[in-house]
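Take a look at the letters that make up each chain.
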Amino acid sequence: PIVDEAALIDNLKPGGRLSGAALDVFDVEPLPPSNELWSLPNVLVSPHNMDMTETFMLESSEKFVELLEGWVRGDDDGGNEVNKAEGY
């Protein structure tokens, strides 16, 4: 794992170094009901399951074709340019 989940939890508790977190990937998935992250009020837990939607294959295929066409045209960012001024 890239993130030490136990250290993350400790730092999200009062007195920790983090004020909050939005998370969708965990050491164990799905996140067990007993995991402390569920009880922390400053944590947003989101399911890591985009690929389980009915339209995922269609949407991902359409996005792939869109990005491929842009690459063929010579687009540098593929339509996914980061805008630091906007915060995304």
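Keep in mind it's a predicted model, so treat the numbers as computed, not measured.

### So, the overall build of the protein chain
Moving on, step 1. Scanning the protein chain from N- to C-terminus turns up two helices and two strands.
Moving on, step 2. Element order for the protein chain, N to C, with α for helix and β for strand: α-β-β-α.
Moving on, step 3. Looking at the protein chain as a whole, 16% of its 88 residues are labelled buried.
Moving on, step 4. For the protein chain, the share of sequence-separated contacts (at least 6 apart) that also reach a separation of at least 24 residues comes to 28%.
Moving on, step 5. Carbon and sulfur atoms make up 58% of the accessible area of the protein chain, which totals about 7,300 Å².

### Section: the environment of Ser61
Moving on, step 1. Turning to its location among the elements, Ser61 is positioned in helix H2 (residues 56-73).
Moving on, step 2. Judged by relative accessible area, which is 39%, Ser61 ranks as partly exposed.
Moving on, step 3. Within the local environment of Ser61, its side chain forms a polar contact with the backbone oxygen of Met57, the two atoms lying 2.7 Å apart.

### Describing a nonpolar patch on the surface
Moving on, step 1. A contiguous nonpolar surface patch, about 570 Å² in accessible area, is contributed by Phe64, Val65, Leu68, Trp71 and Val72.
Moving on, step 2. Turning to its location among the elements, Trp71 is positioned in helix H2.

### Overview of the side chain of Asn35
Moving on, step 1. Structurally, Asn35 can be placed in the loop between strand S1 (21-23) and strand S2 (43-45).
Moving on, step 2. Here Asn35 falls in the buried class, since its relative accessible area comes to 15%.
Moving on, step 3. With residues up to four places along the chain from it excluded, the contact list for Asn35 reads Glu5 and Ile9.

### So, helix H1 (residues 5-12)
Moving on, step 1. Along H1, the residues that are buried comprise Glu5, Leu8, Ile9 and Leu12. Down the axis of H1, the buried side of the element spans an arc of 100°, and every buried residue falls inside it.
Moving on, step 2. Against the buried residues of H1 lie S1 and S2.
Moving on, step 3. Among the residues of H1, the N-terminal cap falls to Asp4, whose side-chain oxygen and the backbone nitrogen of Ala6 are separated by 3.2 Å.

### So, the confidence of the model for the protein chain
Moving on, step 1. In the predicted model, the protein chain carries a mean pLDDT of 86, and the fraction of residues at 70 or more is 86%.
Moving on, step 2. The lowest-confidence element of the protein chain is H2, averaging 88 in pLDDT; the highest-confidence one is H1, averaging 98.

Reading the values: the criteria
- Residues numbered from 1 in each chain as written.
- Predicted model: local features only at pLDDT ≥ 70, side-chain atom pairs only at ≥ 80, totals over all residues.
- Heavy atoms only, no water.
- Helix = DSSP H or I, 4+ residues; strand = E, 2+ residues; numbered from the N terminus.
- Buried < 20%, exposed > 50% of the residue type's maximum accessible area, 1.4 Å probe, protein only.
- Contact = heavy atoms within 4.5 Å.
- Areas by Shrake-Rupley, 256 points an atom, 1.4 Å probe, with all protein chains shown as cover.
- Polar contact = N/O pair within 3.5 Å; in protein donor to acceptor, adjacent residues only side chain to side chain.
- Patch = residues over 30% accessible without salt bridge, like charges linked within 9 Å, V, L, I, M, F, W, Y side chains within 5 Å.
- Salt bridge = Lys/Arg side-chain N within 4 Å of Asp/Glu carboxyl O.
- Arc of directions from axis to C-beta.
- pLDDT = per-residue confidence, 0-100.

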